[in-house]
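Structural overview for review
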Amino acid sequence: MPATYLSIGQLSHRSGVPISTLHFYERKGLIASERNAANHRIYRRELLRRVTIVKVAQRAGLTLAEIEKALSHLPMDTVPNTAEWARLADIWHDDLTRRIETLTALRDKMAICIGCGCLSVERCALANPDDRLGKEGPGARYIPDMSS
């Protein structure tokens, strides 16, 4: 096997991703294997970076569908160039910024409620005096809706 290819075991070891997960990624179209003369799966070395991006993106809370959509803009058979990596970063930038803001708001606003102990959104004199937020409609008001 040429040095430009990795076996599934090597890819698993180098990426820290279990073989079963690599098979799953392949079924989802996130990575692609080739076959050697013995009909074993082999992976282009370039896919190591792709697997790492998938792993990090999942840790950041991106769904596999979001990851797949973004990766569809990158070549699978070569190392992406600087412009291609920059495009991927641009795709995720605004979404990741919104997620960070949402998590920060959740962390900061939760501390208010945990410390207060009133246990009532309607009666909360600190975060919701006179239930002014209830007049704006249903749902959370301090934590932005990430689905939009």
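Given the structure is predicted, the values throughout are model-derived calculations rather than measurements.

Concerning the environment of A70
With respect to the secondary-structure elements, A70 resides in helix α4 (residues 64-71). Separated by 19 residues in sequence, A70 and A89 have C-alpha atoms that sit 9.1 Å apart. Discounting chain neighbours no more than four positions away, the residues touching A70 are L88, I91 and W92.

A short note on the pairing of strand β3 (residues 41-44)
Bridging between strand β1 (residues 5-7) and β3 involves three bridges; their strand directions are antiparallel. Residue S7 lies in a different strand from β3, and its bridge partner there is I42. Sheet topology places strand β2 (residues 34-35) next to β3; two bridges connect them, and they run antiparallel. Bridge assignment links R35 to a residue of β3, and that residue is R41. Linking β2 to β3, which pair antiparallel, is a turn of five residues; within it N39 sits at a positive phi near 70 degrees.

Concerning the confidence of the model for the chain
With 78% of its residues at a pLDDT of 70 or more, the chain shows a mean pLDDT of 82. The least confident element of the chain is helix α5 (residues 82-116), whose mean pLDDT is 81; the most confident is helix α2 (residues 19-27), at 96.

Digging into helix α1 (residues 8-15)
Restricting attention to buried positions, one finds in α1 the residues I8, L11, S12 and S15. Buried positions in α1, seen along its axis, are confined to an arc of 100 degrees and lie on one side of it. Elements that come into contact with the buried residues of α1 comprise β1, α2, β3 and α3 (47-59). With its phi angle positive at about 80 degrees, G16 sits one or two positions after the end of α1.

Remarks on the environment of I91
Position of I91 among the secondary structure elements: in helix α5. Beyond its immediate stretch of four places on either side in the chain, I91 contacts A70 and H73.

Cut-offs used in this document
Residues numbered from 1 in each chain as written. Predicted model: local features only at pLDDT ≥ 70, side-chain atom pairs only at ≥ 80, totals over all residues. Heavy atoms only, no water. Helix = DSSP H or I, 4+ residues; strand = E, 2+ residues; numbered from the N terminus. Contact = heavy atoms within 4.5 Å. Pairing = 2+ DSSP bridges. pLDDT = per-residue confidence, 0-100. Buried < 20%, exposed > 50% of the residue type's maximum accessible area, 1.4 Å probe, protein only. Arc of directions from axis to C-beta.

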